[in-house]
Amino acid sequence: MEDVFSELEETWQVKMRWLAVNAKVINPKNRPQSGFDELAIRRLPTGAREATAGGIYQYAGKINLGNQCLKCHVPQRTSLENR
């Protein structure tokens, strides 16, 4: 996915990054870095999406991870279901 994020930034000048929700954060880059991030990690599990103004449009949406991703990224999970 990192290569997809890079392509979107290069082609469309859209910056994207991972934000871990409901999982142990292994990579420090995926920790909340702003008030928007903090709000997003609280609201995303409820199905909410956020957008703000202030000169920059921000959107938080979920990316479903399959079991094949979760076996490494969330090894402490108790279910084999996708997240």
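A short tour of the structure in this document, coming up. Since we're looking at a predicted model, the values are computed, not measured.

Here we come to the overall build of the protein chain. From N to C terminus, the protein chain includes three helices and zero strands. Its helices and strands taken in sequence order, the protein chain reads α-α-α from the N to the C terminus. In the protein chain, which comprises 83 residues, the share counted as buried stands at 17%. For the protein chain, restricting intrachain contacts to residue pairs at least 6 apart in sequence, the fraction spanning at least 24 positions comes to 18%.

Moving on: the pattern of salt bridges. One pass over the structure, following the stated rule, counts one salt bridge. We note a salt bridge from aspartate 37 to arginine 17, for which the minimum N-O separation is 2.1 Å. One end of the pair, aspartate 37, is in helix α2 (residues 35-43); the other, arginine 17, is in the loop between α1 (2-12) and α2, with 20 residues separating them in the sequence. Assessed through its relative accessible area of 35%, arginine 17 is described here as partly exposed.

Before going further, it helps to spend a moment on a nonpolar patch on the surface. A surface patch of nonpolar side chains, amounting to about 250 Å² of accessible area, comprises Met1, Val4 and Ile63. Summarising the element assignment, methionine 1 is placed in the segment before α1. When its relative accessible area of 46% is taken as the criterion, methionine 1 is described as partly exposed.

For the rest of this paragraph, the subject is the packing of aromatic side chains. Using the criterion set out here, one finds one aromatic pair in the structure. Between the aromatic rings of phenylalanine 5 and tryptophan 18, the centroid separation amounts to 5.5 Å while the plane-to-plane angle is 50 degrees, which identifies the pairing as tilted. With phenylalanine 5 in helix α1 and tryptophan 18 in the loop between α1 and α2, this residue pair connects regions lying 13 residues apart in the sequence.

Take a negative patch on the surface next. Residues Glu2, Asp3, Glu7, Glu9 and Glu10 make up a contiguous surface patch of negative charge. Mapped onto the fold, glutamate 7 is located in helix α1.

Criteria and thresholds
- Residues numbered from 1 in each chain as written.
- Predicted model: local features only at pLDDT ≥ 70, side-chain atom pairs only at ≥ 80, totals over all residues.
- Heavy atoms only, no water.
- Helix = DSSP H or I, 4+ residues; strand = E, 2+ residues; numbered from the N terminus.
- Buried < 20%, exposed > 50% of the residue type's maximum accessible area, 1.4 Å probe, protein only.
- Contact = heavy atoms within 4.5 Å.
- Salt bridge = Lys/Arg side-chain N within 4 Å of Asp/Glu carboxyl O.
- Patch = residues over 30% accessible without salt bridge, like charges linked within 9 Å, V, L, I, M, F, W, Y side chains within 5 Å.
- Areas by Shrake-Rupley, 256 points an atom, 1.4 Å probe, with all protein chains shown as cover.
- Phe/Tyr/Trp six-rings, centres within 6.5 Å; stacked < 30°, edge-to-face > 60°.
- Lys, Arg positive; Asp, Glu negative; His and termini not counted.
- Charge placed at Lys NZ, Arg CZ, Asp CG, Glu CD.

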